[in-house]
Amino acid sequence: MELEMDVEDLLNKRKLESDRIEFKTGWNPDDIYHSVCAFANDYNNDGGGYIVVGVEEENGVAKRPVKGLPEYMLDSIQKDMLGYNNLISPPYFPQGIPTEVDGKWIFVIVVRTGQQRPYKSPEHVTSKKEKKYNYYIRYQTSSVKANSDQERELINMSDQTPFDCRANHKATFEDISPVLLEDHLRKTGSKLAKQVRERGVEEILNDLQLLVGPPELRYIQNVAIMMFCEHPEKFFGYTYVQMTSFPKGSIENPSISEDFPNITGSVPQMIQATMERFRNLIIREKVIKVPNQMEALRIFNYPYQAIEEAVVNAFYHRDYMSFEPVTIEIEPDCINIMNFPGIDRSISEKTIAEGKRFVSRYYRNRRLGEFLKELDLSEGHSSGIPTIQEELEKNGSPRAEFFTDEDRRAMRIRIPIHPAFLEVDDEVSLSDSYEKATKKLSKKKIGQYDKIIKLLNDGEWHKTAEIADNLGLKDTRTKELLKELIALDKLIDNGKTKGKLYRLK
């Protein structure tokens with residue numbers, strides 16, 4: 001059995017929050033099973049955690065080389081765990097995975113959110129006397145006894161298994177793509193990637209704790225369908241991305257619109273395809289020369305990282321039982337990204353209006369978020385909204401806005417365009433004379449024309465790159481201006497496709 005991620009990511013606390021990893025120098029069952037119980041209870045809905053035995057901690061990460069465990073202990077630890085697992089009430093069975101690091105053995109205990117939480121554990125699992133049971137929860141980076149209020153809340157959480165961790169009674173193992181499963185494991189650095197074809201989908205999903213039920217009747221968890229099924233819409237209606245452009249505005253002139261083809265596939269595939277469409281068709285860059293400064297200022301109409309975070313959030317927080325797609329609308333001055341339903345009621349309208357950080361302990365798809373973090377697609381600890389705002393600020397863009405209705409039926413993120421891209425380029429009629437055309441143009445475009453004419457006034461041939469550098473524009477924009485001046489009978493080119501040169505006519 002192998003870990004689902006690269007062990008180095010675990011030891012260095014990468015891709016996972018530090019409070020979800022606990023290092024133990026040696027095998028101490030009394031202490032370790034407090035943490036097993038706490039991670040299984042998942043009081044903060046973090047998705048469980050990892051206990052790494054045989055590793056000392058130094059400055060928040062594993063001390064290297066690791067201390068390790070004697071090889072003979074690995075079997076005895078696994079035998080001990082069988083007995084201790086049955087002492088938890090109700091019984092809970094975490095995964096124990098021996099792993100070799102720095103030439104030594106460590107033992108990783110993987111503890112997922114328990115399907116039958118809340119759990120109680122003996123105060124001393126090794127005691128032969130009558131055992132005293134307690135509920136344990138995680139508090140920051142420690143496992144502590146739950147107080148009476150926390151106990152009541154744990155009991156209330158017993159029927160709140162996140163949707164993505166629930167069993168899907170319609171899906172079969174044939175619905176899981178071994179290619180997508182292997183690709184994910186390869187990207188996350190898991191040794192399981194090499195075993196998918198050899199051992200088969202069912203065994204690998206079992207190793208990843210993505211199956212529910214006894215061996216004779218296994219059901220696949222919803223999150224496995226979201227991640228590794230090429231057609232999740234078969235199980236979760238309307239699971240696709242619907243994108244529409246309103247070049248004149250959805251309010252001002254909704255009849256003028258362009259519907260893009262719907263984006264389908266697994267959740268990672270849809271995120272990737274959506275971002276490729278943004279990169280290729282929507283996101284644009286401007287380069288502005290700054291006086292007395294070597295480096296030019298580069299700005300984007302929409303920063304890629306902000307859009308990606310908003311798209312990922314839409315899939316992460318979507319209700320997969322809601323028959324509504326992730327909807328994206330491109331307006332002249334903004335992008336709207338919508339998912340259904342809206343923000344949890346535990347987040348106040350004031351917090352939503354401020355658009356700073358939304359903190360909720362209740363997530364519909366906690367395990368999905370964990371998978372997306374492994375792919376470096378999502379942030380942890382409710383940091384997605386701050387990431388969007390920080391990326392917009394770095395780009396010089398206005399802040400994003402967040403909207404929901406009174407019934408919290410939908411969530412909309414409005415990402416405004418950078419103000420520099422609101423400037424409307426002048427239209428040049430190629431049938432106009434230069435004198436007639438310049439009467440209709442802005443001072444900005446006339447100034448650009450004048451700069452080109454002044455530069456080419458020496459009667460010599462000039463390259464596009466040279467002219468672009470003089471104007472402080474990108475080559476593509478400079479070529480547009482040169483084409484217009486040729487049409488206005490002010491310039492000529494040398495007629496070549498490659499190595500094109502320009503001079504005054």
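For clarity, every value in this text was computed on a predicted model and none was experimentally measured. (Residues numbered from 1 in each chain as written. Predicted model: local features only at pLDDT ≥ 70, side-chain atom pairs only at ≥ 80, totals over all residues. Heavy atoms only, no water.)

1. Here we look at the overall build of the protein
Secondary structure summary: the protein contains 17 helices and 23 strands in total. Among the 505 residues that make up the protein, the fraction classed as buried is 51%. Here the analysis covers contacts within the protein between residues at least 6 apart in sequence; of these, 64% occur between residues at least 24 apart. (Helix = DSSP H or I, 4+ residues; strand = E, 2+ residues; numbered from the N terminus. Buried < 20%, exposed > 50% of the residue type's maximum accessible area, 1.4 Å probe, protein only. Contact = heavy atoms within 4.5 Å.)

2. Here we look at empty space enclosed by the protein
Tallied over the entire structure, the rule returns two cavities of 30 Å³ or more. As for the largest cavity, its lining consists of Asp 19, Arg 20, Ala 38, Phe 39, Asp 42, Tyr 43, Asn 44, Asp 46, Gly 48, Arg 138 and Gln 140. Empty space within the second largest cavity amounts to approximately 40 Å³. (1 Å grid on protein atoms, 1.4 Å probe; cavity = no way out; pocket = protein on both sides within 12 Å on 5 of 7 lines; lining within 4 Å. Points joined across faces, edges and corners; volume = space filled by probe spheres on them.)

3. Structural notes on the nonpolar core
Generally speaking, soluble globular proteins have nonpolar side chains that are buried together. Counting residues in each nonpolar core, the largest one holds 66 residues, and the members touching the most others are Leu 205 and Phe 278. The residues touching Leu 205, leaving out its near neighbours within four places in the chain, are Phe 173, Ile 176, Leu 181, Leu 210, Leu 211, Ile 220, Ala 224 and Phe 228. (Core = buried A, V, L, I, M, F, W, Y, C linked by side-chain atoms within 4.5 Å.)

4. Brief notes about helix α13 (residues 384-395)
Compared with the 16 Å implied by 1.5 Å per residue over twelve residues, the 17 Å span of α13 between its first and last C-alpha is a close match. Elements that come into contact with the buried residues of α13 comprise β16 (297-300), α10 (304-316), β19 (401-404) and β20 (411-416). Gly 396 occupies a position one or two residues after α13 and carries a positive phi of about 80 degrees. (Expected span 1.5 Å × (residues − 1).)

5. So, the sheet that holds strand β18 (residues 334-339)
Here we have six strands laid out as an open sheet, ordered β14-β13-β17-β18-β20-β19, and mixed in their pairing. Either end of the sheet is taken by a strand with one partner, and the two such strands are β14 (258-259) and β19. Where strand β17 (residues 326-330) meets β18, four bridges bridge the pair, whose relative direction is antiparallel. Bridged to Ile 330 within β18 is Ile 335. (Pairing = 2+ DSSP bridges.)

6. Thoughts on the side chain of Glu 182
Inspection of the secondary structure puts Glu 182 in helix α5 (residues 178-187). A relative accessible area of 10% means that Glu 182 is categorised as buried. Ignoring sequence-local partners within four residues, the contact set of Glu 182 consists of Ala 193, Val 196 and Arg 197.

7. Points about the packing of α10 against helix α12 (residues 366-374)
Across the interface, α10 lies against α12 with an axial gap of 10 Å and an inter-helix angle of 150 degrees. The pairing of α10 with α12 is recorded here as roughly antiparallel in orientation. Along its contact with α10, which presents Val 312, Phe 315 and Tyr 316, the element α12 presents Arg 366, Leu 368, Gly 369 and Leu 372. Classifying every residue of the contact of α10 with α12 gives five nonpolar, one polar and one charged. (Axes fitted to C-alpha atoms, helices over the stretch in contact; angles between N-to-C directions. Parallel < 35°, antiparallel > 145°, perpendicular 65-115°, else oblique. Nonpolar A, V, L, I, M, F, W, Y, C, P; charged D, E, K, R; others polar.)

8. Things to note about the packing of aromatic side chains
If you walk through the whole model with that rule in mind, you get seven aromatic pairs. Between the aromatic rings of Phe 236 and Tyr 320, the centroid separation amounts to 5.8 Å while the plane-to-plane angle is 70 degrees, which identifies the pairing as edge-to-face. Here Tyr 320 lies in the loop between α10 and β17 and Phe 236 lies in the loop between α8 (222-228) and β13 (241-245), a separation of 84 residues in the sequence. For the pair Phe 236 and Tyr 320, a shared accessibility class is recorded, and that class is buried. When the ring of Tyr 238 is compared with that of Phe 323, the centres are 5.8 Å apart and the planes differ by 45 degrees; the resulting orientation is tilted. Taken together, the residues span a long stretch of sequence, with Tyr 238 in the loop between α8 and β13 and Phe 323 in the loop between α10 and β17 at a distance of 85 residues. Assessed through its relative accessible area of 41%, Tyr 238 is described here as partly exposed. Take Phe 323: its relative accessible area is 52%, and that puts it in the exposed class. Grouped by ring-pair contacts, the aromatic residues Phe 163, Phe 236 and Tyr 320 constitute a single cluster. Above the ring of Tyr 320, the side-chain terminus of Arg 318 is found at 4.9 Å from the ring centroid. (Phe/Tyr/Trp six-rings, centres within 6.5 Å; stacked < 30°, edge-to-face > 60°. Lys NZ or Arg CZ within 6 Å of the ring centre and 35° of its normal.)

These figures capture arrangement, not role.
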